[in-house]
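Here is how the chains run, residue by residue.
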Amino acid sequence: MRMGPAELVQAAAMARRFYLEGKSKIQIAEEFGVSRFKVARVLETALERDLVRIEIRVPAELDAERSDALRARYGLRHAVVVESPAEEQEDAPDPENLGEVAADLLGELVAEGDVLGLAWGRSTIHMAAALDRLPPCTVVQLTGVYDAGTAERGSVEAVRRAAQVSGGEAHPIYAPMLLPDPATAAALREQTGIARAFEYFDKVTVAAVSIGSWEPGISTVHDMLSDEERAHYASLGVAAEMSAHLFDSDGRRVGRDLGERCITVEADRLRRIPEVVAIAGGLRKAAAIGAVLRSGLVTSLVTDTAAADYLLTESAAGVRPALERADPDGE
C-alpha cells in the first residue's frame, strides 16, 4: 500500500531514532505513543520502501566475503583477506600490504599484559615495521634468525620494534635458526639469553608466524639447506614450512630431525598458544598455507585474494577446524 505523507514522516522519524540515534524500539514506542510492534512494522516498511538504505562498508583493500568464507571453511578464529596486487605475478612474494593489515589485527588481539611471540619471516618483519599501536606487553622471539649477520634487519629488529611500540620488554634471540648439528643447537639453547627467551615460550598468548612453500626463495629453511638435504626432505613429501617445522600436504609433520638442529619454538608449544596468526599470501604459497591450516597449529590467517581463492576451492578432504587445534598425527 502507498504510504501517505504523515506515515512517511513518522517512518523517517522512527528510522532516524533507531538507526542514527541508537534508541531502542521500546523508547521509540513511548515517544510516539504506539506499541513496540508498531515500531517494528514501521521500520520494516521503511526498509522495504527504500526510505532506509543499509550499507556495509569495509576498507577497499579488505574482502569481507572471502574473509568470512575462509574463516568458516577452516574453522579459523579470524580470517582477513586483502586484495591481491592488480598485476600479481605467480612468483611474487607475500604482498607487503599483508604486514600492514596484520599489524592492525595484532593491535586488536593483543591485550595489556600479554606475551607476544614473533617468528622469523619476511611477512612478520613487514608487520612489525608497520606496527603503530600495541598495549603494554612482553615481546619474545620464537625462532633464530635466517642469518646472524642480518639480525638488525630481521627478527631481532622486529622484536625490538614491537617492544618499543608497546613499551614492554623485549627478549630477542641472537642466534641462527639452523645449526650444523643437534649438539651445537642444544649448546646454544643453554646460553643465558637464549634460555631466557625459551622460558617465555609457555607464556606466549599471541604469536605471529610466516608460512613458506618448499621451493627456493619462498622458504628460508629450504634456502639454508644443502641440495642433498633439500632432496631428502622433498622425498618425505614436504609441502610447507613454518618456523622450521615441515609439513606434508595433509598437515602432518615430516622431517622432524630438522628441528633438532634449529633454534625455534616446538610444535607442541605452538599448539598451546591461544592465538597463532599466520601471515602468508600469493599463488606460490597457497597450497602451503592449506597444509599448515590442516596442521591445527594456526588459529587465524591474514592472506590475499589469490591464496584465498585457492583455499576456498581446494578439496575439503582432510580439512581440520583450526579452533579444535586438532593434530593430524593424533599426538
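Since the structure is predicted, the reported quantities are computational estimates derived from the model, not experimental observations.

Visitor: Just checking my understanding: could you explain unusual backbone geometry for this structure?
Guide: Peptide bonds are mostly trans, and most non-glycine residues show a negative phi. The backbone phi angle of Asp 50 is positive, close to 65°, even though this residue is not glycine. Among the structural elements, Asp 50 can be located in the loop between helix H3 (36-48) and helix H4 (64-74). On the basis of relative accessible area, Asp 50 is assigned to the partly exposed category, the value being 43%. Not every positive phi belongs to a glycine, and Ser 243 is a case in point at roughly 55°. The topology assignment puts Ser 243 in the loop between strand S7 (240-242) and strand S8 (245-247). Relative accessible area serves as the criterion here: at 5%, Ser 243 is assigned to the buried category.

Visitor: I would appreciate a short explanation of a negative patch on the surface in the present structure.
Guide: Together, Glu 61, Glu 83, Glu 100, Asp 104, Glu 108 and Asp 132 line one region of the surface with negative charge. Counting through the fold element by element, Glu 83 comes out in the loop between strand S1 (78-82) and helix H5 (97-109). On the basis of relative accessibility, which here comes to 34%, the residue Glu 83 falls in the partly exposed class.

Visitor: In this structure, what is going on with helix H14 (residues 305-313)? I would like to understand it.
Guide: Along an α-helix, residues three or four positions apart point the same way, because every turn accommodates 3.6 residues. All of the buried residues in H14 are Thr 305, Ala 306, Ala 307, Ala 308 and Leu 311. Where H14 is buried, its residues meet H4, S1, helix H13 (286-294) and strand S11 (300-304).

Visitor: What's the story with the pairing of strand S2 (residues 115-118) in this structure? I'm lost.
Guide: Along a regular strand, successive side chains alternate from one face of the sheet to the other. By the alternation rule, side chains of S2 split into Val 115 and Gly 117 and Leu 116 and Leu 118, which are all buried. Across four bridges, S2 lies against strand S3 (residues 138-141) in parallel orientation. Its bridge partner being in S3, Leu 118 is matched across the sheet by Gln 141. The handedness of the S2 to S3 crossover, carried by helix H6 (residues 122-130), is right-handed. As judged from the three bridges shared by S2 and strand S5 (residues 206-210), these two strands associate in the parallel manner. Looking at S5, one finds that Leu 118 is bridged to Ala 208.

Visitor: I would appreciate a short explanation of empty space enclosed by the protein in the present structure.
Guide: Applying the stated criterion across every chain yields a total of two cavities of 30 Å³ or more. Considering only enclosed or pocket space, the largest cavity measures out at about 120 Å³ in volume. Around the largest cavity, the lining is made up of 15 residues, and of these Gly 121, Ser 210, Ile 211, Ile 218 and Thr 220 lie nearest the centre. Counting only elements with at least two residues in the lining of the largest cavity, the list comes to H6 and S7. Looking at the lining of the largest cavity residue by residue, the class counts come to four nonpolar, seven polar and four charged. Estimates place the volume of the second largest cavity at around 30 Å³. Around the second largest cavity, the lining residues are Ala 244, His 245, Leu 246, Arg 253, Val 254, Gly 255, Arg 256, Leu 258 and Gly 259. Elements supplying a minimum of two residues to the lining of the second largest cavity: S8 and strand S9 (253-254).

Visitor: It is not clear to me how the pattern of salt bridges should be interpreted in this structure. Could you clarify?
Guide: Where side chains of opposite charge bring their charged atoms close, a pairing between them can arise. Throughout the structure, instances matching the rule amount to 17 salt bridges. For the salt bridge of Arg 252 with Asp 250, the shortest nitrogen-to-oxygen distance reads 3.4 Å. Notably, a salt bridge pairs Glu 266 with Arg 269, separated by 3.2 Å at the nearest N-O pair. Note on Glu 266: relative accessible area 32%, which makes it partly exposed. A single network of salt bridges, built from pairs that share partners, joins Asp 202, Glu 266, Asp 268, Arg 269 and Arg 272.

Visitor: Sorry, what's going on with the confidence of the model for the protein chain here?
Guide: For residues with low pLDDT, the predicted coordinates do not support detailed interpretation. Of all residues in the protein chain, 89% have pLDDT values of 70 or greater, and the mean over the chain is 87. Confidence over residues 148-152 falls short of pLDDT 50; this stretch has five contacts with residues more than four positions distant or in other chains.

Visitor: Before we go on, may I ask you to explain the environment of Ala 103 in this structure?
Guide: Relative to the assigned elements, Ala 103 resides in helix H5. In this structure the C-alpha to C-alpha distance between Ala 103 and Ala 129, which are 26 residues apart in sequence, comes to 8.5 Å. Leave out the neighbours within four places in its chain, and Ala 103 touches Met 127, Ala 130 and Leu 131.

Visitor: Would you explain the packing of aromatic side chains in this entry?
Guide: Both the distance between ring centres and the angle between the ring planes are used here to describe each pair of aromatic rings. Enumeration according to the criterion identifies three aromatic pairs in this entry. Look at Phe 198 and Phe 201: their rings are 4.5 Å apart centre to centre, the planes differ by 35°, and that puts the pair in the tilted class. One exposure class covers both Phe 198 and Phe 201, and it is buried. On the basis of an interplanar angle of 85° and a centroid distance of 6.5 Å, the ring pair of Trp 214 and Tyr 233 is categorised as edge-to-face. Here Tyr 233 lies in helix H11 (residues 227-235) and Trp 214 lies in the loop between strand S6 (212-213) and helix H10 (220-224), a separation of 19 residues in the sequence.

Conventions used here
Residues numbered from 1 in each chain as written. Predicted model: local features only at pLDDT ≥ 70, side-chain atom pairs only at ≥ 80, totals over all residues. Heavy atoms only, no water. Helix = DSSP H or I, 4+ residues; strand = E, 2+ residues; numbered from the N terminus. Buried < 20%, exposed > 50% of the residue type's maximum accessible area, 1.4 Å probe, protein only. Patch = residues over 30% accessible without salt bridge, like charges linked within 9 Å, V, L, I, M, F, W, Y side chains within 5 Å. Areas by Shrake-Rupley, 256 points an atom, 1.4 Å probe, with all protein chains shown as cover. Salt bridge = Lys/Arg side-chain N within 4 Å of Asp/Glu carboxyl O. Lys, Arg positive; Asp, Glu negative; His and termini not counted. Charge placed at Lys NZ, Arg CZ, Asp CG, Glu CD. Contact = heavy atoms within 4.5 Å. Pairing = 2+ DSSP bridges. Right-handed = clockwise from strand over helix to strand, strands pointing away. 1 Å grid on protein atoms, 1.4 Å probe; cavity = no way out; pocket = protein on both sides within 12 Å on 5 of 7 lines; lining within 4 Å. Points joined across faces, edges and corners; volume = space filled by probe spheres on them. Nonpolar A, V, L, I, M, F, W, Y, C, P; charged D, E, K, R; others polar. pLDDT = per-residue confidence, 0-100. Phe/Tyr/Trp six-rings, centres within 6.5 Å; stacked < 30°, edge-to-face > 60°.

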